[in-house]
Amino acid sequence: MELLDAQVEIKFGGYTTADQLLFADWPTHFVSIATPGSQHPTRPRWFHGETLELVFRDTRNPIEAGAPGVMQVRRLVEFAATIPRGARVLVACPGGYSR
């Protein structure tokens, strides 16, 4: 999925899409959302953009163990506040569509 506005371009995708876009040097910023205990993409050493890594379960129940909490939301909001106009943000999770 891709969202465009005049200020920031954001692409959402699964880990395969993330790999392709990272190696194509597309994003200026990278947000990785992984499941607890799983392997997830981390910032490659050669990627010099800003990176935020979050770990939480994909759930609709906010009180379920591993559900995202206030701290994850706070980190995401703080990260978003640092993204400048014209940035290209890649948000990736295992499937690329539900988190």
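Residues numbered from 1 in each chain as written. Predicted model: local features only at pLDDT ≥ 70, side-chain atom pairs only at ≥ 80, totals over all residues. Heavy atoms only, no water.

## Observations concerning the packing of aromatic side chains
Going by this rule: The aromatic pairing rule takes the rings of Phe, Tyr and Trp, using the six-membered ring of Trp, and pairs them if the centres are within 6.5 Å, calling planes under 30 degrees apart stacked, those over 60 edge-to-face and the rest tilted. Two conditions define a charge located above a ring, namely a distance within 6 Å from the ring centre to NZ of Lys or CZ of Arg, and an angle within 35 degrees of the ring normal.
Under the counting rule described, the total for this entry stands at zero aromatic pairs. Positioned above the aromatic ring of W26, the side-chain terminus of K11 is 4.6 Å from the ring centre.

## A few points about the confidence of the model for the protein chain
Rules: Predictor confidence is given residue by residue as pLDDT, running from a minimum of 0 to a maximum of 100. Helix numbers and strand numbers start at the N terminus; a helix is a DSSP run of H or I with at least 4 residues, a strand a run of E with at least 2.
On average, residues of the protein chain carry a pLDDT of 81, and 82% of them reach 70 or more. For the protein chain, per-element mean pLDDT is lowest for strand β1 (residues 2–4), which scores 52, and highest for helix α2 (residues 70–81), which scores 92.

## Digging into the environment of R57
Following the sequence through the fold, R57 ends up in the loop between β4 (50–55) and α2. Taking the C-alpha atoms as reference, R57 lies 6.6 Å from P36; in sequence the two are 21 residues apart.

## Quick look at the pairing of strand β5 (residues 88–92)
Applied cut-off: The buried label applies to any residue whose accessible area, calculated with a 1.4 Å probe on protein chains only, is under 20% of its type's maximum; exposed applies above 50%, and partly exposed to all values in between. Two strands make a pair as long as DSSP finds a minimum of two bridges between them.
In terms of burial, β5 is a largely internal element, four of the five residues being buried. Judged from the five bridges that link them, strand β2 (residues 9–13) and β5 form a sheet pairing that is parallel. Bridge pairing in β5 places F12 opposite V91. Alignment of strand β3 (residues 29–34) against β5, held across four bridges, turns out to be parallel. Within β5, the position partnered with F30 by the bridge is L90.

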